[in-house]
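Given next are the chains, with one letter for each unit.
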Amino acid sequence: MSTTNILLKVNNLKKYFPQKSGVLKRPKNFVRAVDGISFEINEEETFSLVGESGCGKSTTGRSILRLHEPTSGEILYNGKNILNYSTRDFRKLRKDLQMIFQDPYSSLNPRMTVKKLLMEPLLTHNICTKKEAEERIIAIADKVGLAKEQINRHPHEFSGGQRQRIGIARALVLNPKVVILDEAVSALDVSIQAQILNLLIELQEELKLTYLFISHDLNVVRHVSDRVGVMYLGQMMEMAKTEELYSDPLHPYTKSLLSAIPSSDPTEKKERIILQGDVPDPSNPPSGCPFRLRCPMAHERCKVEEPMYQEVKDNHWVACHLYNEIN
Amino acid sequence: MMSTLLDIKDLSVDVTIDKQEFNVVNNLSLRIDKKQKYGIVGESGSGKSLTSLSILNLLPDVLHVSNGHIMLDQTINLTKLSKKEMLNIRGNEISIIFQEPMTALDPLFTIEHQISEVLKFHEKYTKKEMKQLIIDMLDKVGFSRPKQILKSYPHQLSGGMRQRVMIAMALICKPKLLIADEPTTALDVTIQAQILDLMNALTEDYDTSILMITHDLGVIAETCERVAVMYAGTLVEEASVQELFKNPTHPYSVGLLDSVKSLGDRTKKLYSIPGNVPTPAQLNESGCRFASRCSHVMDICRKQDPPQFVINDDHKSKCWLYKDGGKKNNEHYQHTIESK
């Protein structure tokens, strides 16, 4: 790869939500939504976070935009820690970092026309005059596949797929560098999902975007990403290049996750690893390895010692005692 | 020879909006055999859930069955039953599992109370027998400590556990047919694998047929024997699962399969079907409902709704491309796909 310029680097990020109880609302316990994860995203790359619900992938995305203020850790954008920025300075930076949400029904204000929805970010950031803004809106609407006459309509007049196009246009109208896509295609039907994924890939190439793609859908992730990180209970379990992760998963969790995807070929009978039980409560995680209660390979050591997250192969990181012997 | 359990013939469902009627399920016919696992796949708005609701007579007030019949065991016409008679069918002969188990369970009552309600209604047991039956059932759906679950409330259980309770409740009267309406859509993949596995095992034990309703072709491939593809209220293609995945004929099924199969291959552009699902108002127009999105559209498609054409013994397709029996046209069709 020619460009290995790290654009975004997340270092030991933690986000604990306090659970308050009693009359005085003192925090009694903490939900460890994100518990010390690190990763980096190169310029013009798509990095994906996958995991089951409650594993902290969305919290990670939101923490990067400081929609949740992280408990500790570092987020370096272009080498500078954005957590040290004042609110005012951060707001200036915010136009570089944009987000596309899952539900196109609830993330668009029903009272605003598409034009107003797209105008708002431009005016908030004082980027251009109203007149220039209008030209930009028409240009971006065209890029995401909305017709010029549609921009005076309200969100309810659009179907789910088209609404997601509006959401994409709203994020891209500011010419961002990094776009965080939080389950951006999960609410869409298969045929519409394919349209939107194609659009996202095209736009990335054209506008030289960097994506942080958050999804639970392993097939979609495989299609869009360069590298993938697998999260479980707020921690990173494994991280590798997409093809390597899918062809040679190391962590038992990744293996079972991949084996659980229903195959779209009825003749293919694959070996299934069916996990027992549910994801543990993140306010009361098990000792040692977070995955050990469901892990088919768990042994004594997993109970007492938390596995190190380490690079076992070139660019292939894993947190599991099974791979400790290699070092 | 398999015998028929459920026979849906020419079912149409209409919705009334502002005193105007729109046809949302159009002349749907399908047959589910005893012990068969049958799947209906389609996107949102395709009418797959309405079909399942009309089997159980649970359609909301604005919707009604305007044509056709649904025969259970070749003798009982479900569309003609009174409300009272229907109560004996639901939960006893036909059960349903919904997508979101939290909204399907009552938050105010314990699991024991909710499962025993079904038993009280349909069978005569003493309290003690009933409790034992429920414990056995909870054990079967994979709870390691069923006695503890008895006293739990739904909010104390996780999504996967709630869906297990739903399955226990649905199967406790040993129904002949289990309708599963997107049973795993709200669940994570690892839990989905658990639940699908469990449903497969249990329905085999109880000789129950399954009608699996889903948008996920992967779930169909893993669990079903036969499949019907629905689009905008019509059944566009019906075949055995093996046949449909190997040799899809209707342009919609082909598109749906292509957009799933091309996922993961980064070198190629994802195959996508252009356009959107038609709105109810557009459904009253004549012609094939897929015509506006179809890449093989012909003049006749816009004028006349195609009937079901027979491709082979267990494969039917509702598309004008197959009006001469399928085979020959099929080659022409494969050719046009390749040359695209």
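To be clear, the structure that these remarks concern was listed above.
Quick notes on the rules
- Residues numbered from 1 in each chain as written.
- Chains lettered and ligands numbered in written order.
- Predicted model: local features only at pLDDT ≥ 70, side-chain atom pairs only at ≥ 80, totals over all residues.
- Heavy atoms only, no water.
- Pairing = 2+ DSSP bridges.
- Helix = DSSP H or I, 4+ residues; strand = E, 2+ residues; numbered from the N terminus.
- Axes fitted to C-alpha atoms, helices over the stretch in contact; angles between N-to-C directions.
- Phe/Tyr/Trp six-rings, centres within 6.5 Å; stacked < 30°, edge-to-face > 60°.
- Buried < 20%, exposed > 50% of the residue type's maximum accessible area, 1.4 Å probe, protein only.
- Contact = heavy atoms within 4.5 Å.
- Buried area = accessible area lost by both parts, 1.4 Å probe.
- Salt bridge = Lys/Arg side-chain N within 4 Å of Asp/Glu carboxyl O.
- Parallel < 35°, antiparallel > 145°, perpendicular 65-115°, else oblique.
- Left-handed = near helix turned anticlockwise from the far one by under 90°.
- Nonpolar A, V, L, I, M, F, W, Y, C, P; charged D, E, K, R; others polar.
- Expected span 1.5 Å × (residues − 1).

Chemist: If you had to explain the sheet that holds strand S6 (residues 97-100) of chain A to someone new, which residues and values would you point to?
Modeler: Residues and elements named next belong to chain A. Pairing within the open sheet is mixed, and its eight strands lie in the order S6-S7-S8-S3-S9-S10-S12-S11. Only two strands of the sheet have a single neighbouring strand rather than two, namely S6 and strand S11 (309-313). Direction aside, neighbouring strands of the sheet carry axes that sit 20 degrees apart on average. Where strand S3 (residues 46-50) and strand S9 (residues 227-232) come together, four bridges link them in parallel fashion. Following the sheet pairing, Val50 is matched in S9 by Val230.

Chemist: Account for the packing of aromatic side chains, with residues named and values stated.
Modeler: All names here are of chain B. By the definition in use, this model includes 10 aromatic pairs over all chains. A ring pair is formed by Tyr231 and Tyr252, whose centres lie 4.5 Å apart and whose planes are at 50 degrees; its orientation type is tilted. With Tyr231 in strand S9 (residues 226-231) and Tyr252 in helix H11 (residues 251-261), this pair connects stretches of sequence that are 21 residues apart. Across the pair, Tyr252 and Tyr231 agree in class, each one buried.

Chemist: Describe the side chain of Glu182 of chain B, listing the residues and the values that go with them.
Modeler: Residue and element names in this part refer to chain B. Mapped onto the secondary structure, Glu182 falls in the loop between strand S7 (177-181) and helix H8 (189-206). Judged by relative accessible area, which is 8%, Glu182 ranks as buried. In this view, Glu182 contacts Lys48, Gln99, Ile213, Thr214 and His215; residues no more than four positions away in its chain are not counted.

Chemist: Give a detailed account of helix H1 (residues 48-55) of chain B, specifying residues and quantitative values.
Modeler: All names here are of chain B. The element H1 is largely enclosed, with a buried count of seven among its eight residues. When H1 is considered as a whole, its buried residues turn out to be Lys48, Leu50, Thr51, Ser52, Leu53, Ser54 and Ile55. Looking one or two residues beyond H1, the residue adopting positive phi is Asn57, at roughly 60 degrees.

Chemist: Give me the interface of chain B and chain A: which residues, what numbers.
Modeler: Counting from both sides, the interface comprises 40 residues of chain B and, opposite them, 39 residues of chain A. Taken over both partners, the interface formed by chain B and chain A buries close to 3,300 Å², and the fraction arising from carbon and sulfur atoms is 53%. When the area that chain B buries against chain A is broken down by residue, the three leading residues are Thr190, Glu222 and Arg266 of chain B, summing to 19%. Taken together, the links from chain B to chain A amount to two salt bridges. Here Arg272 of chain A ties to Glu222 of chain B by a salt bridge, and the two come within 2.4 Å at their closest N and O atoms.

Chemist: Summarise the packing of helix H3 (residues 114-124) of chain A against helix H5 (residues 160-172) of chain A; cite the residues concerned and give the values.
Modeler: Residues and elements named next belong to chain A. Two numbers describe how H3 lies on H5: the axes approach to 8 Å, and their chain directions differ by 25 degrees. Classified by the angle their axes make, H3 and H5 are roughly parallel. In this structure, H3 meets H5 at a crossing whose hand is right-handed. On H5, the residues touching Val114, Leu117, Leu118 and Pro121 of H3 are Ile166, Ala169 and Arg170. Here the residues of the contact of H3 with H5 are counted per class, giving six nonpolar, no polar and one charged.

Chemist: Kindly report on the environment of Cys301 of chain B, identifying the contributing residues and their values.
Modeler: All names here are of chain B. Summarising the element assignment, Cys301 is placed in helix H13 (residues 299-303). Among the residues examined, Cys301 registers a relative accessible area of 9% and is labelled buried. Spatially, the C-alpha atom of Cys301 lies 8.6 Å from that of Arg289, the residues being 12 residues apart in sequence. Setting aside residues up to four positions removed in sequence, Cys301 forms contacts with Gly287, Cys288, Ala291 and Trp320.

Chemist: Explain helix H6 (residues 190-207) of chain A to me, and be specific about the residues and the numbers.
Modeler: Residues and elements named next belong to chain A. Look at H6: 25 Å from first C-alpha to last across 18 residues, which is about the 26 Å you get at 1.5 Å a residue. A large share of H6 lies buried, amounting to 13 of its 18 residues. One or two steps after H6, the chain reaches Lys208, where phi turns positive at roughly 55 degrees.

Chemist: Quick rundown of the sheet that holds strand S8 (residues 209-214) of chain B? Include the residues and the values.
Modeler: Residue and element names in this part refer to chain B. One open sheet accounts for eight strands, arranged S6-S7-S8-S3-S9-S10-S12-S11; its pairing is mixed. Both edges of this open sheet fall to strand S6 (94-97) and strand S11 (309-312), since each of them pairs with a single strand only. The mean angle between the axes of side-by-side strands here comes to 20 degrees, regardless of whether they run parallel or antiparallel. Bridge count between S7 and S8: five bridges; the pairing is parallel. Looking across to S8, one finds that Ile179 is bridged to Leu211. Along the sheet face, helix H7 (residues 159-171) touches S6 and S7 and points at about 175 degrees away from the line of S6.

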